[in-house]
Amino acid sequence: MTDHQDIPYREHQVAPPDDLRQHTDATGVPEFTGTCPACRGGNVFALPRLSPGTVPKRWLRRRNDGSAAPGPEQHRMDCECPVTHPNDPLEHGGCGAWWTVVVQPAAPQGS
């Protein structure tokens, strides 16, 4: 039994983990890692999470010179620790807590 297995499943927003880290995997996909603040389980969240055949859409913000620039993207990161918590209706793992992560756009090449 893990230390966090007795935390009941409850869907609710929490502050991002203190140890939240963003890095890029070998294929260039942004990935977040961190310890869930609610149940203390380890989590990994890779972006993009797209279904086959879908195309990501980005909102563009305007620079001072009027040209378009990609803005930061906000994504919901759900606790996906490998533990089935009590009262989890789907028994898929995770405690139900979630937080927001922000992906900053990549710096333009040559700047």
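Use the structure listed above.
S.K.: Even after reading the chapter, I still don't get the sheet that holds strand S8 (residues 97-103), so can you show me in this structure?
M.R.: The strands making up a sheet are joined through hydrogen bonds of the backbone, oriented either antiparallel or parallel. The strand order across the open sheet formed by three strands is S1-S8-S7, and the pairing between neighbours is mixed. In the strand order of this sheet, the two ends are held by strand S1 (12-13) and strand S7 (73-78), each with one partner. Pairing of S7 with S8 involves six bridges; the strand directions are antiparallel. Within the sheet, the bridge partner assigned to His75 lies in S8 and is Val101.

S.K.: Mind showing me how you'd approach the side chain of Asp88 here?
M.R.: Turning to its location among the elements, Asp88 is positioned in the loop between S7 and S8. One buried charge, Asp88, has no salt-bridge partner; the nearest side chain with opposite charge is Arg76, at 12 Å. Ignoring any residue separated from it by four or fewer positions in sequence, one finds Asp88 in contact with Tyr9, Gly93 and Gly94.

S.K.: Whenever I open this one, the environment of Arg10 confuses me. Can you help?
M.R.: Relative to the elements of secondary structure, Arg10 occurs in the segment before S1. The spacing of Arg10 and Gly96 is 86 residues in sequence and 4.9 Å in space, taken between C-alpha atoms. Non-local contacts of Arg10, meaning those with residues more than four positions away in its chain, are made with Cys95, Gly96 and Ala97.

S.K.: Would you mind going over the sheet that holds strand S4 (residues 42-46) with me for this structure?
M.R.: The strand order across the open sheet built from three strands is S2-S3-S4, with neighbouring strands paired in antiparallel fashion. Both outer strands of the open sheet, strand S2 (21-24) and S4, are each paired with one neighbouring strand and no more. The mean inter-strand angle of the sheet, taken between neighbouring strand axes irrespective of direction, is 20 degrees. Sheet topology note: the strand S3 (residues 30-35)/S4 ladder contains five bridges and is antiparallel.

What counts and what doesn't
- The written sequence of each chain sets the order in which its residues are numbered from 1.
- For a predicted model such as this one, the threshold for reporting local features is a pLDDT of at least 70, and the threshold for listing and counting side-chain atom pairs is 80 or more; totals across whole chains, interfaces and linings nevertheless cover every residue.
- Side-chain metrics in this entry use all non-hydrogen atoms of the structure; hydrogen atoms and water are not considered.
- By this definition, two strands are paired if DSSP reports at least two bridges between them.
- In DSSP terms, a helix is any run of H or I states spanning at least four residues, a strand is any run of E spanning at least two, and both are numbered starting from the N terminus.
- Each residue gets one of three labels from its accessible area relative to the maximum for its type: buried under 20%, exposed over 50%, partly exposed in between, using a 1.4 Å probe on protein chains only.
- Under the counting rule used here, the positive set is Lys and Arg, the negative set is Asp and Glu, and His together with the chain ends is not counted.
- Put simply, a salt bridge is a Lys or Arg side-chain nitrogen that is within 4 Å of an Asp or Glu carboxyl oxygen.
- Two residues qualify as a contact provided that any one of their heavy atoms is within 4.5 Å of a heavy atom in the partner residue.
- Structural elements are reduced to axes, namely lines fitted to C-alpha atoms, with helices fitted over the stretch in contact, and the angle between N-to-C directions of any two is expressed from 0 to 180 degrees.

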